[in-house]
Amino acid sequence: MDWFEENRRPLPWRGETDPYKIWVSEIILQQTRVNQGWEYYLKFIDRFPDVKTLANAPLQEVLYVWQGLGYYTRARNMHVAAQQIMQEYQGIFPHHYLKIRKLKGIGNYTAAAIASIAFALPYPAVDGNVLRVISRIFGIYDDIAQQKTVGKITLHCEKLIDKKNPGSFNQALMELGAMQCTPKKPKCEVCPFVTQCVAFENELVNVLPVKSNNIKIKDRYFHYFIFIKEGKTIIEQRTEDDIWKNLFQFPMIETLSVCKKVTDMVLSDAGLSSIEPVFLKEIKHKLTHQHLTIRFYVVKDFFPQLTNNRLSVSVEDLDKYPFPIVLKGIIYDIVT
């Protein structure tokens, strides 16, 4: 904690005790680097300064502000949780760990972070940084990808946590992992725990923590059709329980394998028959568990029949709708 006082970064949420703002910062940083999350945090708080504003906002607007951060489930869950707080707690953020933990999208780590920083409750916030720091200092060889290891390290932290100032303790430990005890090239020589660290003493810094990689990558192939007629185009909202749920896109057909030339079946599914779309470009887009091959086609002076989730909109109004970031470049090309 002495190290933290001297070395902590001046982040916009640092020193904040408002549980709402702490919650927003923690959710953004779950899957986002600090330098990117900083800007989005300020933008999100500016548009939704409190629970009530967020709860009352249309989901489409929340997703629009979230554009570019990815992992949109975070934004959808926050919207639901804000409504929970309004309905179940009269708009007052719950002060107890278990009640915080029951909010949509909040897990053990986030609940502990909010409870300790906002309400000084002694719950350890164990994220990836903490798992790494504790594994190295205490020489824990168990796989941190396993839940039982997370539980074991959480017990360590429960013994270590400063009961009088748990929020600062949690932030100090996470900051140590983010700035000092980094995954690669940690600054061991100037670490406050250099004389107590099992990993450093036994030259195991590059070995610990142990983490198995069981991520299975799925390849997917998307074909987007950009219909343009009299200054308008067609967009559709993704309604399936899949990536980018509730966001908008151009009409899309997914195939099971690489399809360099659109087949008759794809053309039929897209509402085309004798019209040959013009191939625009192909891009690759990598997500955590999925690798996407995306091909874009342009069809001018023709509109297929609109279905329930499709809209005819002005090309100039496209930037008013929340789109996956991978489609933003295409929209810019069309508009300009």
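Model, not experiment: these values are computed from the prediction.

A word on the overall build of the chain. In terms of regular secondary structure, the chain is built from 14 helices and seven strands. Viewed in the frame of its principal axes, the chain has a C-alpha envelope of about 75 × 50 × 35 Å. Buried residues in the chain amount to 48% of all 336 residues. Accessible surface, the chain: about 18000 Å² in total, of which carbon and sulfur atoms supply 51%.

Below, the discussion takes up the environment of Leu-306. Along the polypeptide, Leu-306 turns up in the loop between strand E6 (290-300) and strand E7 (310-314). Considering only alpha carbons, one finds Leu-306 and Ile-235, 71 residues apart in sequence, at a separation of 9.6 Å. Those residues in contact with Leu-306 that sit more than four places away from it in its chain are Ile-234, Leu-311 and Ser-312.

Before going further, it helps to examine the packing of aromatic side chains. For any pair of aromatic rings, geometry is given as the distance between the ring centres together with the angle between the planes. In the structure shown here, the tally under the stated rule is 15 aromatic pairs. Both rings, one in Phe-222 and one in Trp-244, keep their centres 6.2 Å apart while their planes meet at 75°; by these two values the pair is edge-to-face. In this pair, Phe-222 sits in strand E1 (residues 218-229) while Trp-244 sits in the loop between strand E2 (232-237) and strand E3 (248-249), placing the two residues 22 residues apart along the sequence. For the pair shown, Phe-222 and Trp-244 are each scored as buried. Geometrically, the ring pair formed by Phe-225 and Tyr-297 is stacked, given 5.2 Å between the ring centres and 20° between the ring planes. Of this pair, Phe-225 sits in strand E1 while Tyr-297 is found in strand E6, placing the two residues 72 residues apart along the sequence. Tyr-297 shares its class with Phe-225; the two are buried. Through successive ring pairs, a cluster of aromatic residues spans Phe-225, Phe-227, Phe-279, Tyr-297 and Phe-302.

Cut-offs used in this document
- Counting from 1, residues in each chain are numbered in the order their sequence is written.
- Where totals are concerned, whole chains, interfaces and linings use all residues; where local detail is concerned, this predicted model gives features only for residues with pLDDT of at least 70, and gives and counts side-chain atom pairs only at 80 or more.
- The basis for every side-chain value is the complete set of heavy atoms in the structure, and neither hydrogens nor water enter the calculation.
- The way it works is that DSSP assigns letters per residue, a run of H or I at least four long becomes a helix, a run of E at least two long becomes a strand, and they are numbered from the N terminus.
- Here the term buried applies to any residue with accessible area under 20% of the maximum for its type, exposed to any over 50%, and partly exposed to those in between, with areas from a 1.4 Å probe on protein chains only.
- Accessible surface area values rest on a Shrake-Rupley calculation with a 1.4 Å probe, where residue burial reflects the displayed protein chains alone.
- Any two residues whose heavy atoms approach within 4.5 Å are treated as being in contact.
- Under the pairing criterion, centres of Phe, Tyr and Trp rings, with the six-membered ring standing for Trp, must be within 6.5 Å; the plane angle then separates stacked pairs below 30 degrees from edge-to-face pairs above 60, leaving the rest tilted.

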